[in-house]
Structures are given as C-alpha cells and as structure tokens.
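Structural overview for review
So the chains spell out like this:
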Amino acid sequence: MTAAAGAERFRDGSCHFQRSRLIWMIAITFGMIVLGWITLWPSTIPYSHLGIFGTFLNYLVENHHKWVCYGFWISWLIHIVEAFYGVKLCQSKGITDPAIQFQWFIQTLLFGYASFGLLVSYKPSAKKHY
C-alpha cells in the first residue's frame, strides 16, 4: 500500500478508532474485577482489611449474593452483545478495516458503553462524489 492510499483510508474514516477515556477504563475494570471476585470467590475477600468497603461487600455477599451473581453475568452478557453490535455498527459507519473493527470489539467487550458510546456518537464524514 502506498503512503497516499494509507492516508486516504484514514481520511475516509475506514480506519477510525478512538480509545475510551482512561478514567472510565479504570472504573469499569475495577468494578468488573470486584463484581467477579464477590461472585466467584467471596470466601477469599479480606473484608476486615477493606474498612467500610469491606463491610459493604460482606453485606452484599451475605444478604444479596444471588442478585450480585445475576448482576455479574448480565453485565458480561451486555458487554458481549455491545461488542458484537459494535462490529456491525463499524461496518454501517464505513469502518471497514478488520484490525480496527477488532480493536472496537475488544475495547467494547472490556469497557462496554464507555467504548460503545464513542462508536455510536461517531459521525463519518460525508463521501465526496466527483
């Protein structure tokens, strides 16, 4: 591929990718890890060392563990659906590069709407007809 062809692909939007904001990436990663931990391995959590947060987590595990489990699995299901729909959305918005579509898929799978919202709000430039 020539440099001019590569530059044209970036200009026409077929290679558009935007990384989610770092604060959302950190918050969602932390939330999913904690949710997974209290869902899958609640007996390994050092509640007494976590202060008021540990007290809250222990309350959730003791009184609402079933709902925490539902929340964990539904969260992953939503992320999976968003990721696959994100690939379809890439195609409809003219993002045709498979590597870029894969980046959108992985980012949306891991960070959900923090990524999906960027893709939804992306407005490709109008194609010029000569």
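Residues numbered from 1 in each chain as written. Predicted model: local features only at pLDDT ≥ 70, side-chain atom pairs only at ≥ 80, totals over all residues. Heavy atoms only, no water.

1. Quick notes on the packing of aromatic side chains
In total, this model carries 7 aromatic pairs according to the counting rule given. Their ring planes at 65 degrees and their centres at 5.0 Å tell us that Phe17 and Trp104 sit as a pair that is edge-to-face. Of the two residues, Phe17 sits in the loop between α1 (3–11) and α2 (22–40) while Trp104 sits in helix α4 (residues 98–111), which places them 87 residues apart along the sequence. Its relative accessible area of 30% is what places Phe17 among the partly exposed residues. Relative to Trp73, the ring of Phe72 lies with its centre 4.7 Å away and its plane at 75 degrees, an arrangement referred to as edge-to-face. Under the relative-accessibility criterion, Phe72 is labelled buried at 6%. Taken together, the ring pairs connect Tyr85, Tyr113 and Phe116 into an aromatic cluster. (Phe/Tyr/Trp six-rings, centres within 6.5 Å; stacked < 30°, edge-to-face > 60°. Helix = DSSP H or I, 4+ residues; strand = E, 2+ residues; numbered from the N terminus. Buried < 20%, exposed > 50% of the residue type's maximum accessible area, 1.4 Å probe, protein only.)

2. A short note on the environment of Leu118
As for its placement among the helices and strands, Leu118 is situated in helix α5 (residues 113–121). Along the primary structure Leu118 and Gln18 are separated by 100 residues, whereas in three dimensions their C-alpha atoms are 7.2 Å apart. Not counting chain neighbours up to four residues away, the residues in contact with Leu118 comprise Gln18, Arg19, Ser20 and Trp104. (Contact = heavy atoms within 4.5 Å.)

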